[in-house]
Every structure is written in structure tokens, then in C-alpha cells.
Amino acid sequence: MLGVHTLLRKLQFLLELPARLTRCVELEAYGTAVRYHGRARAVLHHYRHLPSFHGIQADCQVIMAGLAQRLRQRFRDGGSGAKDLAECVELLLELEEPAEELCDEFLAHAGARLAAELDTLEAELGPPGGAPTCDILEFTDRGCNSFVGNLCLVIASYQELFVSRAGAAPIAPMARAKLATFVEGLLGRYFGLVERRVQLEKGVGDSSLLVRALDRFHRRLQALEQLLPGAGAASEGTAIVERAARARVAQYLQALRGFYQDCLTDVRQALAAPRLASKEGPGLAELLATVSASLLGQVKAVLGYVHLFTARDVAFSNKPYFKGEFCSQAVREGLVVGFIRAVCGTAQQFCEAPGEMGVPSSPESRLKGRGRSCPGSKGGVLAALAVMEAPGSPAPSPDASLALQAEVAGTPGSVLCAEARAAAQRLLTHYVRVQGLAVSQMLRKSVETRDWVGTIEPRTVRAVMKRVVEDTTAIDVQVGLLYEEGVRKAQSSDSSKRTFSVYSSSRQQGRYAPSYTPSAPMDTNLLSNIQKLFSERIDIFSPVEFNKVSVLTGIVKISLKSFLECVRLRTFGRFGLQQVQVDCHYLQLYLWRFVGDEGLVHGLLDEIVASAAHRCLDPVPMEPSVVEVICERG
């Protein structure tokens, strides 16, 4: 009887099942409906060949299909809490809904919302080529708070529904793979937007706003990495921060180059500006000191901005890149060393500039661009820059931070100073040659445009010789503002008191007398060549040292050597020779003061007069007393 009673109760449950399921659906007791159907599903399936059971099964399938639709709609809406969503997923899985489809629906629905947030974020970048609608910190905050925050919530919910839920072990691998692909696609687009926004930061002032934005971006990705370790969000975020830091350093280097060019332009304008007679403009020394101080101050300010990337309160500063490579390679080598070499390159460009056959627009501009700012000396501005500490290193004392160090990672300071001194040497040599060429052109034109055979008897010094002395004096004053005097050889006792021409002295008379005497036993050319064997050879293009005497000596040697070569190409009459005597004596009276060895001037001027005598048709020199009177009157 008991068995029959139990069987009757089961039959009654099956007969009432469609009504019960309908009642549960109306009451939204979806869990109860699924349990009822689960208890009867096997029996109905087993006896489906019986007409009565087949009808019950068909009715239940229709009811449960409607229930599944309601659960799917609730699942798509996502408006319920996490507990309700978990219940929806569990019931759908018990109803044998495909787990893969459920995962796709969940991710598609969440992806639509997240994609809309990325669209909003992209709109804040502004139109192509235009300015962004907000600063980078605000942009980062919106991205982190809206997109990254919601993405973290989606990941947590998804893992709770399909990965970590009890009984989800069979579908967990598939669910993880789908989640990884989903997150990778969204993060790729988000990282692209962040990099585009970072690239729009073109300002070269304070980097605090950029560093704060990158810090928040990096910190928020750490939370995402903890939720989904395999996504690589933290590593990619760190790479973006590193690239942003390198790009910022490159911008600072470009800004320093532009600042240096602006300084040179300001100096040129200051030197070229018209000056009132009652008011003197800034001198070269003052301009040089201003530029040096400005450069050093600008580099220190830039290093202060860069130091923000390695501050202790910045999360990414403890990464290996910012502890090592950023300081040594990006900042020291890329920024400081790069700027020093850019300055040296600018000096090289001065030397390679076209138009060397012309007069430089301003002698001061050549002197300014030269290595007085860094000839490798202890006080040079580039020498100070070369040994500056990179940010992130232990803070030294102010004196130690600018002291030369024996061992420094990367390019040693001594090498940089050597490169700067070499560039300064090239530029100084170039300056000497250009200035010597400018004076030489005046002398060459004065020689080539004059009829030396038919000229009249000299009565005064030619104006070009006075101009040569004036220009040499002006160069002496300009160079003296930047360089020390230098070393001179001991002067002879009559260097400043000579009132007679060395070209008509007893030594010269002995040299030229045979040619002026009809019964000369020897050829003048032979005597001149023998005399050269016993005279010291003059190196016209000898290395120029960093002092005033060396610079002026080089200019005078080039000028007089050019004068000599021009004289060798002309033919002279008696008065032409005498005019050369007068001009050379005038030059001797003044040029010896500018050179380190007066013998150079005397020797070259001797050669000029001797060459004129050799090329003279009637070599009769002027009396020394007459030469002295003419020069004193000139």
C-alpha cells in the first residue's frame, strides 16, 4: 500500500507539473521552477512514448523555454546585483543552455558599455591636428575612473560567474580564454588613446602634471593586473610610461637646442644694434657671461623637471628602467651629453658655413660662438654641464655635483670637455683664417688695382695700410674682451722706438746693394736665397692658442703672407718700389705690438720689400730718413 501511495503521489506531481511551473514563473520563483523541472525531466524523457507523458513533456518544454528567455533577458539587462546575475547564470546552465553562448553574451553586453566609454575618451582628444579638450591629468582620471574601473568590475563579475563559481570547473578554461581576448582588445585601444594623449603634450615647462597623470595611470593598472595577471596590463602600462619619459627628455633636448640658438640670435642682435654715441652697448664679456649663465640655469631647470620622474612618491620610479637606464642613458647621455654635442655641432656649422671668401658679418659673433664658453677649462659652462649629476643618483653637495669625476657611467666628462675644446679650436682657427682673409682681400685689391710701374713718387702712406692697422686694432680690442693677453717673446730695446725703416737699414743695404750697383759681382736672387737658408721658417697656419697674442699673430701672418704673394705677381717701377717701402715701414711701426714675436713681422715685411725689389725695373730705394718723415706725417 505504501509503494502504491508513493507512486500515485509521483503521478500526481507529473500531472500538476505544468501548472506548478506556470505558477512559479508568474511568481518569479525561477529557482523553484528549475528544481521542479529537474526532478521530472528524466522521467518525462523516459516515458515520452506514452501520449499522456508526451503531452506533459511538451507543455513543460514550452514553459521552461519561456523561463529561459526571461532569465536571458535579465542576464542581458545586467541591472540586478551580482547575486541575481550569478543565480541567472546558474539556472541557465541547469537548463542546459550553452555556456559558451552565455560567456559571449555577457562579454558583448559589457563590451558595448566599455566601448562607449572609450568613444567618449577619444572625443576628448579633440579633432586631428587640434588641441585636446582637457589637460592630461583630467584625461587620465576619466580614463581610470570610468573605463579602467568598470573594466575591473566586469572582470570580477565574469570570474565570479564563469570561473570561480562552484561547479564552474568544466567551463573555466574556456571562460578564461574568452576573457583574456576580450580584455586584450579593449586595453589595446585604451593604451592607444593614452599614448596619443601623451604625444599631444608638447609643452617643455614643468612636468609635474604629466608625471602625476602617468603615476595614476600606472597605479590603476596594478589593480587590474591583480585581477587578471595574464593580461600584461602592468607591463604594457610601464612601457607606455617609459616611452613617455623618453619622449619628454627628447622634447627637452630639442628645447635646449632652440634656447641655445635663441641666445646666439640675441647676441647677434645686441652686437648689430645701432649704438648711440653717449651710450655704450653690452660688451662681449658681459654677453658671454649672460649666455653662459642662461644656458647653465636652463639645463639645471630642465634636470629639475626630469627629476620628477624619479621622485620617491611616484609609483613607477622603483622600476628598473627609472633606477638605471633612464638616469644614465636617457638623461645623462641623451639630454646633457646630447646638448653638449649639439653645441659643439653648432660650432662646427660655423666652420663649414659657405661664404668663407667674404668678410664675416660681425667679428664678435664668431668670437661669441666659440669655445670660450667651453674650451675644456674649469670655468667653462659646458665643462660644468658635462659633470652634472643625473636625477635619481645620491644628492651630492653643490660643489661636488659640478666637480669632474673619474668614473661616470657613459661618456666621461673629460671626453666631453676634449670634444668641446676640439670644436672650440676649430672655430677659433676658422675665425683667425676668416679675419686674416678679410684683411688680405683689402691688401690684394690695393695691389692689383694700382699701376706700380707708372705711379708717381710716394708722398704719403696709402689709405689701405691705415685701414689694415685700424681693423687689426679693432680685432685686438674685441679679442681682448674674451681672452687673456698671452705670452710674448722678449722685445728688442728699439721695438717701440724705431724711427728708421728696417728695409733701408745696414742689413738690408747689404742685401740689396749688389743689385743697385752696375758692377755687382753676384745675382740678387742668389743672395736672397742664401739669406733664407739662415733665417727661421715662418709657419703661416700654425695652431692658434686660446689667447689674444696667438689670435692676432695668426691674423697678421696670414695678412702679410697674402701681401707678399700679391707683390710677387706684380712688376714695379722705381716709385712703386719706394711706395712699398713706405707702406711696409708704416705697418712695421704698428703691427709688431700685436704679435708674440716681432721677428715674424720684420721677416715678412723684409720679404715683401725684397720681392718688390726683385720685380722692380729700376730698383732704387728711398732714403730711410725720407721714409720716416712720410710715415710720421701719415
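Residues numbered from 1 in each chain as written. Predicted model: local features only at pLDDT ≥ 70, side-chain atom pairs only at ≥ 80, totals over all residues. Heavy atoms only, no water.

1. Section: the overall build of the protein
(1) Moving on: A tally of helices and strands in the protein yields 22 helices and zero strands.
(2) Moving on: When the 634 residues of the protein are sorted by exposure, 46% land in the buried category.
(3) Moving on: If you sum the accessible surface of the protein, you get close to 31400 Å²; carbon and sulfur atoms cover 55% of it. (Helix = DSSP H or I, 4+ residues; strand = E, 2+ residues; numbered from the N terminus. Buried < 20%, exposed > 50% of the residue type's maximum accessible area, 1.4 Å probe, protein only. Areas by Shrake-Rupley, 256 points an atom, 1.4 Å probe, with all protein chains shown as cover.)

2. Let's talk about the nonpolar core
(1) Moving on: In terms of nonpolar packing, the biggest core is built from 161 residues, with Leu 151, Phe 162, Phe 182, Tyr 190, Phe 326 and Leu 335 touching the most fellow members.
(2) Moving on: If one sorts the elements of this core by residue count, helix 11 (residues 320-352) sits on top with 16 residues.
(3) Moving on: Among the domains, domain 1 (1-97) and domain 2 (445-485 + 540-633) are the pair contributing at least three residues each to this core.
(4) Moving on: The residues contacting Leu 151, other than those within four sequence positions of it, are Leu 114, Phe 182, Val 183, Leu 186, Leu 187 and Leu 224. (Core = buried A, V, L, I, M, F, W, Y, C linked by side-chain atoms within 4.5 Å. Domains from an automatic or database assignment. Contact = heavy atoms within 4.5 Å.)

3. A short note on the environment of Glu 448
(1) Moving on: When you line up the elements, Glu 448 lands in helix 15 (residues 413-448).
(2) Moving on: The exposure class assigned to Glu 448 is partly exposed, which follows from its relative accessible area of 41%.

4. Regarding the packing of aromatic side chains
(1) Moving on: As enumerated under the stated definition, the model contains 17 aromatic pairs in all.
(2) Moving on: On the numbers, 6.0 Å between centres and 85 degrees between planes, the contact of Phe 191 with Phe 217 is edge-to-face. Pair noted here: Phe 191 is in helix 7 (residues 172-199) and Phe 217 is in helix 8 (residues 208-227), with a separation of 26 residues, a long-range link.
(3) Moving on: The exposure class of Phe 191 is buried, given its relative accessible area of 7%.
(4) Moving on: Of the residues examined, Phe 217 reaches a relative accessible area of 2% and is grouped as buried.
(5) Moving on: Measuring from ring centre to ring centre gives 5.2 Å for Trp 452 and Phe 572, while their planes differ by 55 degrees; the resulting arrangement is tilted. Placement of the pair is Trp 452 in the loop between helix 15 and helix 16 (463-480) and Phe 572 in the loop between helix 19 (548-568) and helix 20 (574-591), with a sequence separation of 120 residues. Each member of the pair, Trp 452 as well as Phe 572, is classed as buried.
(6) Moving on: An aromatic cluster of at least three residues, connected via ring pairs, comprises Phe 309, Phe 316, Tyr 321, Phe 322 and Phe 326. (Phe/Tyr/Trp six-rings, centres within 6.5 Å; stacked < 30°, edge-to-face > 60°.)

5. Looking at the pattern of salt bridges
(1) Moving on: Enumeration over the complete set of coordinates arrives at 24 salt bridges.
(2) Moving on: Here Glu 448 makes a salt bridge to Arg 444, at a shortest N to O gap of 3.1 Å. One end of the pair is Glu 448 and the other is Arg 444, both in helix 15 and four residues apart, which spans about a single turn.
(3) Moving on: Taking relative accessible area as the criterion, Arg 444 reaches 31% and is therefore assigned partly exposed.
(4) Moving on: One salt bridge in this structure joins Asp 583 and Arg 462, with 2.6 Å as the shortest N-O distance. (Salt bridge = Lys/Arg side-chain N within 4 Å of Asp/Glu carboxyl O.)

6. Quick word on the side chain of Asn 547
(1) Moving on: Looking at the element boundaries, Asn 547 is found in the loop between helix 18 (524-533) and helix 19.
(2) Moving on: Apart from the residues within four sequence positions on either side, Asn 547 is in contact with Tyr 483, Glu 484, Glu 485 and Gly 486.

7. A few points about the environment of His 585
(1) Moving on: Structurally, His 585 is set in helix 20.
(2) Moving on: Each C-alpha atom of the pair His 585 and Asp 606 lies 9.8 Å from the other, and the pair is 21 residues apart in sequence.

8. Remarks on the environment of Gln 578
(1) Moving on: With respect to the element layout, Gln 578 can be found in helix 20.
(2) Moving on: The class of Gln 578 is buried, set by a relative accessible area of 6%.
(3) Moving on: Between the C-alpha atom of Gln 578 and that of Ile 456, which follows or precedes it by 122 residues, the distance is 9.9 Å.
(4) Moving on: Gln 578 has contacts with Glu 457, Pro 458, Val 620, Pro 621 and Met 622, leaving out every residue within four places of it along the chain.

Bear in mind that shape data such as this cannot, by itself, settle questions of function.
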